[in-house]
Amino acid sequence: GDSVTQTEGQVALSEEDFLTIHCNYSASGYPTLFWYVQYPGEGPQLLFRASRDKEKGSSRGFEATYDKGTTSFHLRKASVQESDSAVYYCALSADSNYQLIWGSGTKLIIKP
Amino acid sequence: DPKIIQKPKYLVAVTGSEKILICEQYLGHNAMYWYRQSAKKPLEFMFSYSYQKLMDNQTASSRFQPQSSKKNHLDLQITALKPDDSATYFCASSGTGGVYEQYFGPGTRLTVL
């Protein structure tokens, strides 16, 4: 079946550090890929999505590029801020199926 | 105005009791979902409904029963509560017929003593 793998359970960085959170997927067909962010005490909310190979999604300084060759959709940000502290989820929606398959989430901690 | 309402925000129950978690969405969506998130654990998909019909159930226990009385409502009844049921329960909704993002409610935090 379809799956999403996030290898980092937690990432700890200092302000202005570069962020990478890895996301790899396995799916038949051509899935749409999503990044969601969940702030403490809230439900997840969409950061952005991408539907085609080489398409870049971006929002709030975060970006990820759909790479069908490596089946990846890694999240990156050039300079993190304390306000970016949250849990980040990668997810996919397979062709003709509007349900989402979720990764296990990565908690981003910004060290003071 | 909130687009997805979950009630109550906090809920404390005793072991063995029964509770109903309320979810209403005002986004005009035809698909609704329930997720569970235990402390320090990732999001866990429970149910999906489309046009008030059950589409997918990933919850092993029959103690969890969704109830859809109206198109924009999907409540979650939990019977014979156990301490392990303590978690935050999120309701979500989306469009159908294609690929749509899911919108989440603020959650109901359930504590079972």
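Reading the values: rules and limits
Residues numbered from 1 in each chain as written. Chains lettered and ligands numbered in written order. Predicted model: local features only at pLDDT ≥ 70, side-chain atom pairs only at ≥ 80, totals over all residues. Heavy atoms only, no water. Helix = DSSP H or I, 4+ residues; strand = E, 2+ residues; numbered from the N terminus. Buried < 20%, exposed > 50% of the residue type's maximum accessible area, 1.4 Å probe, protein only. Lys, Arg positive; Asp, Glu negative; His and termini not counted. Salt bridge = Lys/Arg side-chain N within 4 Å of Asp/Glu carboxyl O. Polar contact = N/O pair within 3.5 Å; in protein donor to acceptor, adjacent residues only side chain to side chain. Contact = heavy atoms within 4.5 Å. Pairing = 2+ DSSP bridges. Axes fitted to C-alpha atoms, helices over the stretch in contact; angles between N-to-C directions. Disulfide = S-S within 2.5 Å.

Novice: Describe the side chain of B:E101, listing the residues and the values that go with them.
Specialist: Within the secondary structure, B:E101 is located in the loop between β9 (87–94) and β10 (103–104). Within the buried set, B:E101 has no salt-bridge partner at all; the shortest N-O distance to an opposite charge, 5.5 Å, is to A:R49. Looking at B:E101, its side chain comes within polar contact range of the side chain of B:Y103, at 3.5 Å. Once residues lying within four places of it in the same chain are set aside, the contact partners of B:E101 are A:F34, A:Y36, A:L46, A:R49, B:S93 and B:S94.

Novice: I'd like to hear about the sheet that holds strand β7 (residues 64–67) of chain B, residue by residue, with values.
Specialist: Residues and elements named next belong to chain B. Strand order in this open sheet of four strands is β1-β3-β8-β7, and the pairing throughout is antiparallel. Each of the sheet's edge strands pairs with one partner strand only, and the pair in question is β1 (4–7) and β7. In this sheet, adjacent strand axes meet at a mean angle of 15° when their direction is disregarded. Strand direction decides the pairing type here: β7 and strand β8 (residues 75–78), joined by four bridges, are antiparallel. Considered in β8, the bridge of P66 is made with L76.

Novice: Break down the sheet that holds strand β9 (residues 75–77) of chain A for me, with residues and values.
Specialist: Consider a sheet: its strands pair through backbone hydrogen bonds, and that pairing is either parallel or antiparallel. All names here are of chain A. Spatial ordering of the open sheet is given by β3-β9-β8-β7, a layout of four strands whose pairing is antiparallel. The sheet is open, and its two borders are formed by β3 (19–21) and β7 (56–59), each paired with just one other strand. Within this sheet the neighbouring strands show an average axis-to-axis angle of 20°, counted without direction. Summarising the sheet, strand β8 (residues 62–65) and β9 pair through two bridges and their orientation is antiparallel.

Novice: Kindly report on the state of the cysteines, identifying the contributing residues and their values.
Specialist: Taken as a whole, this structure holds two disulfides over all chains when the rule is applied. Here A:C23 pairs with A:C90 through a disulfide, and the sulfurs are 1.9 Å apart. The sign of the S-S torsion, about -65°, decides the handedness of the disulfide formed by A:C23 and A:C90: left-handed. Here the residue A:C23 occupies a position in the loop between β3 and β4 (24–26), and A:C90 occupies one in strand β10 (residues 86–93), the gap between them amounting to 67 residues. In this structure A:C90 comes out as buried when scored by relative accessible area, which is 1%. A sulfur-sulfur separation of 1.9 Å characterises the disulfide bridge that pairs B:C23 with B:C91. Judged by the sign of its S-S torsion, about -70°, the bond between B:C23 and B:C91 is left-handed. Taken together, the residues B:C23 in strand β3 (residues 19–25) and B:C91 in strand β9 connect sequence positions 68 residues apart. The pair B:C23 / B:C91 is uniform in exposure class, with both members buried.

Spatial relationships are all this shows, so hold off on functional conclusions.
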